[in-house]
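# What the coordinates show
Residue strings, one per chain:
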Amino acid sequence: MTEIIFDVQEDEADGGFVATALGHGIVTQGDSLEELRAMVKEAVCCHFGDGVPGAMPKVIRLHFVRDEVLAA
């Protein structure tokens, strides 16, 4: 595997951000984007360092999902 993709959403209830890996059981959160980036890197290292089959990804992609509601 050369890349792992995370969907990132803003946590409207508590603030901050939540990142969920596509195709892997990895979910993490951070209060700021800087903290989220660090938490995602740490989570990926922990996940693939625990004997999960496959090589450590070379690239981590953060895909920001944003909903915008407009009045009609």
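Heads up: the structure comes first, above all this text.
In this report, the structure presented in the accompanying data block is examined. (Residues numbered from 1 in each chain as written. Predicted model: local features only at pLDDT ≥ 70, side-chain atom pairs only at ≥ 80, totals over all residues. Heavy atoms only, no water.)

On to the overall build of the protein, then. A count of helical and extended segments in the protein gives 1 helix and 4 strands. Overall size of the protein, expressed as C-alpha extent along the three principal axes, is 50 × 20 × 15 Å. Relative to its 72 residues, the protein shows a buried fraction of 24%. Summarising the internal contacts of the protein: among those between residues at least 6 apart in sequence, 35% fall at separations of at least 24. Carbon together with sulfur atoms contributes 51% to the accessible area of the protein, which is approximately 5,300 Å² in total. (Helix = DSSP H or I, 4+ residues; strand = E, 2+ residues; numbered from the N terminus. Buried < 20%, exposed > 50% of the residue type's maximum accessible area, 1.4 Å probe, protein only. Contact = heavy atoms within 4.5 Å. Areas by Shrake-Rupley, 256 points an atom, 1.4 Å probe, with all protein chains shown as cover.)

Ile4, Phe6, Val8, Phe17, Ala19, Ala21, Ile26, Leu36, Val40, Ala43, Val44 and Phe48 form the largest nonpolar core, which has 12 residues in total. Contributions of two or more residues to this core are made by β1 (3-10), β2 (17-21) and α1 (33-49). With 5 residues, the top contributor of residues to this core is α1. If sequence neighbours within four positions are ignored, isoleucine 26 has contacts with Ile4, Phe6, Ala19, Thr20, Ala21, Ala43, His47 and Phe48. (Core = buried A, V, L, I, M, F, W, Y, C linked by side-chain atoms within 4.5 Å.)

The next point concerns the pairing of β1. As judged from the 7 bridges shared by β1 and strand β4 (residues 59-65), these two strands associate in the parallel manner. Paired with glutamate 3 across the strands is valine 59, a residue of β4. Judged from the 5 bridges that link them, β1 and β2 form a sheet pairing that is antiparallel. Paired with phenylalanine 6 across the bridge in β2 is alanine 21. (Pairing = 2+ DSSP bridges.)

By secondary structure assignment, the location of histidine 24 is in the loop between β2 and β3 (27-30). A sequence separation of 23 residues divides histidine 24 from histidine 47, and the C-alpha atoms of the two residues are 9.0 Å apart.

Considering only enclosed or pocket space, the largest pocket measures out at about 230 Å³ in volume. In terms of lining residues, the largest pocket is bounded by Val8, Gln9, Glu10, Glu12, Phe17, Phe64, Val65, Arg66 and Asp67. Looking at the lining of the largest pocket residue by residue, the class counts come to 4 nonpolar, 1 polar and 4 charged. (1 Å grid on protein atoms, 1.4 Å probe; cavity = no way out; pocket = protein on both sides within 12 Å on 5 of 7 lines; lining within 4 Å. Points joined across faces, edges and corners; volume = space filled by probe spheres on them. Nonpolar A, V, L, I, M, F, W, Y, C, P; charged D, E, K, R; others polar.)

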